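Geometric and topological summary
Spelled out, the chains give:
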Amino acid sequence: MAADHPTGKVAGIMGGMGPEATVDFMARVLAATPASTDQEHIHMLVDHNPRIPNRHASIAGSGPDAGPALAVMAQRLERAGADFLVMVCNTAHAYTGEIRAAVGIPFVSIIDVVMDTVSAHPARRVGVMAADGCLQAGLYQQALCAAGREPLLWNRSEQARFMDLLYRIKAGERSAELRNGLQSLAASLAFGGAELLIAGCTEIPLLLQAGDVGVELLSSTDLLVARTVALARGDYAAAV
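These remarks concern the structure in this document.

Rules used in this analysis
Residues numbered from 1 in each chain as written. Predicted model: local features only at pLDDT ≥ 70, side-chain atom pairs only at ≥ 80, totals over all residues. Heavy atoms only, no water. Pairing = 2+ DSSP bridges. Helix = DSSP H or I, 4+ residues; strand = E, 2+ residues; numbered from the N terminus. Axes fitted to C-alpha atoms, helices over the stretch in contact; angles between N-to-C directions. Contact = heavy atoms within 4.5 Å. Salt bridge = Lys/Arg side-chain N within 4 Å of Asp/Glu carboxyl O. Buried < 20%, exposed > 50% of the residue type's maximum accessible area, 1.4 Å probe, protein only.

As a further point, take the sheet that holds strand E7 (residues 216-219). With parallel pairing, the four strands of this open sheet are ordered in space as E5-E4-E6-E7. At either end of the open sheet lies a strand with only one pairing partner, and these are strand E5 (150-152) and E7. With direction set aside, neighbouring strand axes in the sheet form an average angle of 30 degrees. The pairing of strand E6 (residues 196-199) with E7 spans four bridges and is parallel. Note on E7: the bridge partner recorded for leucine 197 is leucine 217. Against the sheet, helix H10 (residues 220-232) makes contact with E6 and E7, and its axis sits at roughly 55 degrees relative to E7, the strand it touches most.

Have a look at this one:
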């Protein structure tokens, strides 16, 4: 279906994973869009479905397969008129193949968008702040190695600590303890030699911002926001 703006595209947002991260993404899209009237904002179609099976359990083989539900979500957005798709969940990108096979419109990978920035950065050792399923699927590790960068990860106890913090954030908890916990985990990667950090989980920006850590922190959310706005506004040069 053609976009309803002569120079732009309709963005299809695959969301609900988790719910607040999706709402945060949409708010950031609004804030990043140069607009003085309603009509100058971009057209977003959002499928906010928190009932997508747990991605971590799916990847681990201990829960229902999330791939079919994500493919159906992508198809719904395509039928509704989306010109391209983005997904507000890093871990769910383990099912990129299933999503792309299910639709005829572009699916813009958050992993690829982040790597576009990493590839232009001089850092050789990159710390990855991500959830279990994302790491088990090797999404950032494989991409970083292919780009000639060394991925740095938490040890087992630190990863378990992050997952505890993540599920507390998903449950709506907001506290200095959680923010300090994320800062401590980021500092651990920096202390281990990371010259650049990837916030590879869309819940992280709900509490942790770029200025909160001692090395540069790339927010996968913010990078996907910028790409979404550029594509939807027809600014293809800025989207590359």
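Once that is clear, we can look at the sheet that holds strand E3 (residues 84-87). Spatially, three strands are ordered E2-E1-E3 in an open sheet, and the strand pairing comes out parallel. Both outer strands of the open sheet, strand E2 (44-48) and E3, are each paired with one neighbouring strand and no more. Adjacent strand axes in the sheet meet at a mean angle of 20 degrees, parallel and antiparallel pairs treated alike. The sheet contacts of helix H3 (residues 67-80) involve strand E1 (11-15), E2 and E3, and relative to E1 the element is tilted by about 155 degrees. Most of the contacts of H10 go to E3, to which it runs at about 165 degrees, and overall it touches E1 and E3.

Time to look at the pattern of salt bridges. Applying the stated criterion across every chain, the model contains 14 salt bridges. Residue lysine 170 is joined to glutamate 203 by a salt bridge in which the shortest nitrogen-to-oxygen separation is 3.2 Å. Taken together, the residues span a long stretch of sequence, with lysine 170 in helix H8 (residues 156-170) and glutamate 203 in the loop between E6 and E7 at a distance of 33 residues. Its relative accessible area of 33% is what places lysine 170 among the partly exposed residues. In this structure, arginine 179 and aspartate 212 form a salt bridge, with 2.6 Å as the shortest nitrogen-oxygen distance. With arginine 179 in helix H9 (residues 176-191) and aspartate 212 in the loop between E6 and E7, this pair connects stretches of sequence that are 33 residues apart. Assessed through its relative accessible area of 18%, aspartate 212 is described here as buried.

These figures capture arrangement, not role.
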